[in-house]
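# Tertiary structure, described
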Amino acid sequence: MYYIDPHIHMVSRTTDDYQAMRAAGIVAVIEPAFWLGQARTEASSFKDYFSTLVGWERFRASQFGIKHYCTIGLNSKEANNEALAEKVMDLLPLFAAKEGVVAIGEIGYDDQTTAEDKYFRLQIELALKFNLPVMVHTPHRDKKNGTIRSMDVLEEHGIAPHMVVIDHNNEETAKHVLDRGYWAAFTIYPNTKMGNERMVEVVKQYGSERIIVDSSADWGVSDPLSVPKTAALMLERGIAKEDVHLTCYKNALTAYSQSGQMHEEDWKNEMVITQNTLFEGSSVLRGQEAKEIVYPNIIIEN
């Protein structure tokens, strides 16, 4: 089987991860703009970070046979620095139309402050302006109420539920999100979010319609192979292959292809990679001998 990881922070990962992911069947990833673990203090830091998402990281993934897309947005945690947030909002339209940008995100609430609400709403309007999907980050604290509030705000702004992926769900929020017609994504992240055992039970309970599995692997203790590992466990536990395909591949493609930037043909055809190819003068090699790698045509089984 082949997989998409539609929420993974590859700027935090190594080339070994890319190699392991491709070997495990991951053919495409989506990298959301997010908090880096330390607050940024200058708008130029955001500009360089966004440039990395649409530039170097997109190139680096391609050198290992993986198609890379991203989302652009001001994360909720850093929205509380309003002086900085205003400057970042000026940057976002410059990147929203870049090649490979499939959504505005991840946006939403952290502590559900007034500032977070303000910039959440402004970015929903930006998504509407650019006709892009939205990736919503549900809060770690008071998750249920924060998720319901997020959906209420989305509806106030008139964005269609099919254009919104609400991520970091759990058993407490799943029914609320699905009942209101949104895509419900689940982060398979050790200890703090969803484990793959719990994910199996969610799919058994709700089926595969509008459910998306991702890893959110980042600079913390996390696993870039969470999607294929969860898929394997689903199959082991008797979930139909069709449902695994939907939750670990097709649903993400359907949701984010609404951007007009993501197409299955991007990775289905044969790829010939020469790893001494340069991006702005740099390659992924560090003294290794350059090799030509051929990734043959792949057949996606529905």
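See the structure shown above.
In this text the structure is predicted, and so the values were computed from the model without any measurement.

Time to look at the pattern of salt bridges. Evaluation of the coordinates by the stated rule reveals 19 salt bridges. One salt bridge in this structure joins R121 and D117, with 2.9 Å as the shortest N-O distance. Taken together, the residues R121 and D117, both in helix 5 (residues 114–130) and four residues apart, mark about one turn of the helix. Its relative accessible area of 23% is what places R121 among the partly exposed residues. Taken together, the shared-partner salt bridges in this structure form one network comprising K77, D110, D111 and R141.

Here E57 shows up in helix 3 (residues 56–62). Apart from residues lying up to four places away in sequence, E57 is in contact with M10, V11, Y18, E31, T52 and H68.

It is worth spelling out the pairing of strand 6 (residues 164–167) at this point. Here strand 6 shows no split at all, with V164 and I166 on one side and V165 and D167 on the other all buried. Note: strand 5 (residues 134–137) against strand 6, four bridges, orientation parallel. The residue bridging M135 from the neighbouring strand is V165, located in strand 6. Between the parallel elements strand 5 and strand 6, the chain passes through helix 6 (residues 143–156) in a crossover that is right-handed. Here strand 6 runs beside strand 7 (residues 183–187); their pairing, made up of two bridges, is parallel.

Basis of the calculations
Residues numbered from 1 in each chain as written. Predicted model: local features only at pLDDT ≥ 70, side-chain atom pairs only at ≥ 80, totals over all residues. Heavy atoms only, no water. Salt bridge = Lys/Arg side-chain N within 4 Å of Asp/Glu carboxyl O. Helix = DSSP H or I, 4+ residues; strand = E, 2+ residues; numbered from the N terminus. Buried < 20%, exposed > 50% of the residue type's maximum accessible area, 1.4 Å probe, protein only. Contact = heavy atoms within 4.5 Å. Pairing = 2+ DSSP bridges. Right-handed = clockwise from strand over helix to strand, strands pointing away.

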